Amino acid sequence: MSKVEQMTMDEVFTKLRSLQEILSEKFEVEREMEEIPKILATRTELLNRMKKSYLEKTQEYETKGRYIEELRNKALEAERVREGFEQQMDMIQTQREYEALDKEIKDSGEKEQDLRRDLQREEQLLGEMKANLEKDETMISKQEEEVQKEQSRIKEAVAAKGKDLKALEKKERTITPGLDEEILFKFERIIKSKAGLGIVPIEHGVCSGCHMILAVQFVNDVRQGEGIMFCPYCSRILFHQSEDVEEHGEEEEEESSEVEEGESDSDSDTDIDTDSDSDDDGD
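Counting starts from 1 at the beginning of each chain's written sequence and moves along it residue by residue. A pLDDT threshold of at least 70 governs which residues receive local features in this predicted model, and a stricter bar of 80 or more applies before side-chain atom pairs are shown or counted, although totals over entire chains, interfaces and linings include all residues. In computing side-chain values, all of the structure's heavy atoms are included and hydrogens and water are not.

Sorry if this is basic, but what is going on with the overall build of the protein here?
Labels follow the DSSP assignment, with helices taken as runs of H or I lasting at least four residues and strands as runs of E lasting at least two, numbered in each case from the N terminus. Within the protein one finds five helices and four strands. Seen in sequence order, the protein has helices and strands lined up from the N terminus as α-α-α-β-β-α-β-β-α. Long-range pairs, those at least 24 residues apart, make up 74% of the contacts in the protein between residues at least 6 apart in sequence. With an accessible surface of roughly 19700 Å², the protein has 47% of that area assigned to carbon and sulfur atoms. Throughout, a contact is declared for two residues whenever any of their heavy atoms are within 4.5 Å. In short, Shrake-Rupley with a 1.4 Å probe defines the accessible areas, and a residue's cover is counted only from the protein chains shown.

In structure tokens:
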């Protein structure tokens, strides 16, 4: 139990309830300010992955280009070799020399054709790679524009949230004077960890925050209001709610139940009347 002597306990509880609303909204604004940049981080990460992939594809494209150049040179060399063999045909004197030279011409010709087929296939792949790189360049350019737009939106959103935060902090400073600093520290931690509820009433011997049944003596101590009491189960600050408030809430619930029962009875009567009319029609 922690006593606050500067003001009455009713004043303390009133301040804490008002402060609870402000702190809940303040912490929500702070959470939103933390979440806002994460959207940009996701877009930036995507952009970086796209650039990395583009760089890898560019390297593959350049490697493919060098390989094609090698194939082209080999094909030209095979062509020169074949033509050289063909020129030697005019100097052939024996059948054996003719057969040997003819074989060289065929082999070099086949090699040349294989190289040219490979060259054609690789050039087609190179063209496809170039087209994909151009598509990636367009996508990267669009993504960079989106990131820039997102940066502007985030800057505006953070600025707006910052104004809201300052306004809430100003309200907070008007309420906190006179409250125990240790209590305030605990209260803030409770609100952060308990979904914005740091102070709740006891209802019929039950903590309305965690709905746990409290010891009778503990409830009596809270009712006396001699100091700030924390729920032994959820750590929220507890205060005694007047019986008039509780009874008013119960009356509203009873009235609501009576209305529902009345509507149910009315529906039943209507059903009976309908059945009776049906019987009369049958007669």
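Still to come is the rest of the account.
I tried to follow the packing of aromatic side chains on my own but got confused; where do I start?
The geometry of an aromatic ring pair is captured by two quantities: the separation of the ring centres and the angle between the planes. Pairing of aromatic side chains requires ring centres within 6.5 Å, counting the rings of Phe and Tyr and the six-membered ring of Trp. Pairs whose planes differ by under 30 degrees are stacked, by over 60 edge-to-face, and all others tilted. As enumerated under the stated definition, the model contains one aromatic pair in all. Aromatic side chains Phe13 and Phe239 sit 5.9 Å apart centroid to centroid with 40 degrees between the ring planes, which places their arrangement in the tilted category. You can see Phe13 sitting in helix H1 (residues 9-87) and its partner Phe239 sitting in strand S4 (residues 237-240), a full 226 residues away along the chain. In this pair, the class of Phe13 matches that of Phe239, namely buried. Buried, partly exposed and exposed residues are distinguished by accessible area as a fraction of the type maximum, computed with a 1.4 Å probe on protein chains only: under 20%, between the cut-offs, and over 50%, respectively.

How do you make sense of the pairing of S4 when you look at a structure like this?
Looking along a regular strand, one sees the side chains alternate between the two faces of the sheet. Note on pairing: DSSP must find at least two bridges between two strands before they are called paired. Two elements, strand S1 (residues 199-203) and S4, share four bridges in a ladder whose sense is parallel. When the sheet's bridge partners are listed, Val200 is paired in S4 with Leu238. As defined by bridge partners, strand S3 (residues 229-230) adjoins S4 across two bridges and the pair is classed as antiparallel. Note that in S4 the partner of Phe230 across the bridge is Ile237. In textbook terms, the turn of a hairpin is the stretch between consecutive antiparallel strands, and for S3 and S4 this stretch comprises six residues, one of which, Ser235, has a positive phi near 75 degrees.

Can you help me understand unusual backbone geometry in this one?
Among all residues except glycine, the phi angle is most often negative; among peptide bonds, the trans geometry is most common. At His204, a residue that is not glycine, the phi angle is positive and equals roughly 55 degrees. With a phi close to 75 degrees, Ser235 is a non-glycine residue in the positive phi region. Mapped onto the fold, Ser235 is located in the loop between S3 and S4.

Would you take a moment to explain the sheet that holds S1 for this structure?
Two pairing modes exist for strands in a sheet, parallel and antiparallel, and in both the strands are linked by backbone hydrogen bonds. Pairing in this open sheet of four strands is mixed, and the strands run S2-S1-S4-S3 from one edge to the other. On the outer flanks of this sheet lie strand S2 (206-207) and S3, each paired with one strand and no other. Those strands touched by H1 are S1 and S4, and its axis lies near 130 degrees from that of S4. Axes, fitted as lines to C-alpha atoms, cover a helix only where it is in contact. Angles between the N-to-C directions of the axes lie from 0 to 180 degrees.

Just checking my understanding: could you explain the packing of H1 against helix H2 (residues 95-175) for this structure?
To characterise two packed helices, one gives the angle between the axes of the helices and the distance between these axes. At a minimum axis separation of 5 Å, H1 and H2 run at an interaxial angle of 165 degrees. Here H1 is positioned roughly antiparallel relative to H2, judged by the angle of their axes. Remark: the crossing between H1 and H2 carries left-handed chirality. Just so you know the grouping, Ala, Val, Leu, Ile, Met, Phe, Trp, Tyr, Cys and Pro go in nonpolar, Asp, Glu, Lys and Arg go in charged, and all remaining residues, Gly too, go in polar. When its residues are assigned to classes, the contact of H1 with H2 shows 39 nonpolar, 10 polar and 31 charged. In this scheme, roughly parallel covers angles under 35 degrees and roughly antiparallel covers those over 145, while 65 to 115 is roughly perpendicular and the rest are oblique. By convention the crossing between two helices is left-handed if the near helix lies anticlockwise of the far one by an angle smaller than a right angle, and right-handed if it lies clockwise.

Would you explain the pattern of salt bridges in this entry?
Pairing between side chains becomes possible if they bear opposite charge and their charged atoms approach one another. The salt bridge criterion pairs a side-chain nitrogen of Lys or Arg with a carboxyl oxygen of Asp or Glu, the two atoms within 4 Å. Tallied over the full model, the rule gives 23 salt bridges. The closest approach of N and O atoms between Glu45 and Arg49, which form a salt bridge, is 3.2 Å. Remark: Arg49 and Glu45 occur in helix H1; sequence separation between them is four residues, near one turn of the helix. Since its relative accessible area comes to 46%, Glu45 is described here as partly exposed. Exposure remark for Arg49: the relative accessible area of 48% places this residue in the partly exposed category. With its nearest N and O atoms 2.7 Å apart, the salt bridge here joins Arg72 to Glu123.

Hey, could you run me through the layout of surface pockets in this one?
Gaps left between atoms are located by rolling a probe of water-molecule size over the structure's atoms. A 1.4 Å probe that fits but cannot get out identifies a cavity on a 1 Å grid over protein atoms alone, an open set with protein on both sides within 12 Å along at least five of seven lines counts as a pocket, and a residue lines either if it has an atom within 4 Å of a point. Grid points are joined across faces, edges and corners, and a volume is the space filled by probe spheres set on the points. What the largest pocket holds in volume is close to 150 Å³. Taken together, Met9, Asp10, Phe13, Thr14, Arg17, Val222, Arg223, Gly225, Phe239 and His240 form the lining of the largest pocket. No other element matches H1, which puts five residues into the lining of the largest pocket. Here the lining of the largest pocket is composed, by residue class, of four nonpolar, three polar and three charged.

Help me understand the side chain of Glu172 in this model?
By the element assignment, Glu172 lies in helix H2. For this analysis, a polar contact is any N or O atom pair within 3.5 Å, provided that within protein one partner can donate a hydrogen and the other can accept it, and provided that sequence-adjacent residues contribute only side-chain to side-chain pairs. Polar contacts involving the side chain of Glu172 include one to the side chain of Lys26, which spans 3.0 Å. With residues up to four places along the chain from it excluded, the contact list for Glu172 reads Leu19, Ile22, Leu23, Lys26 and Glu188.

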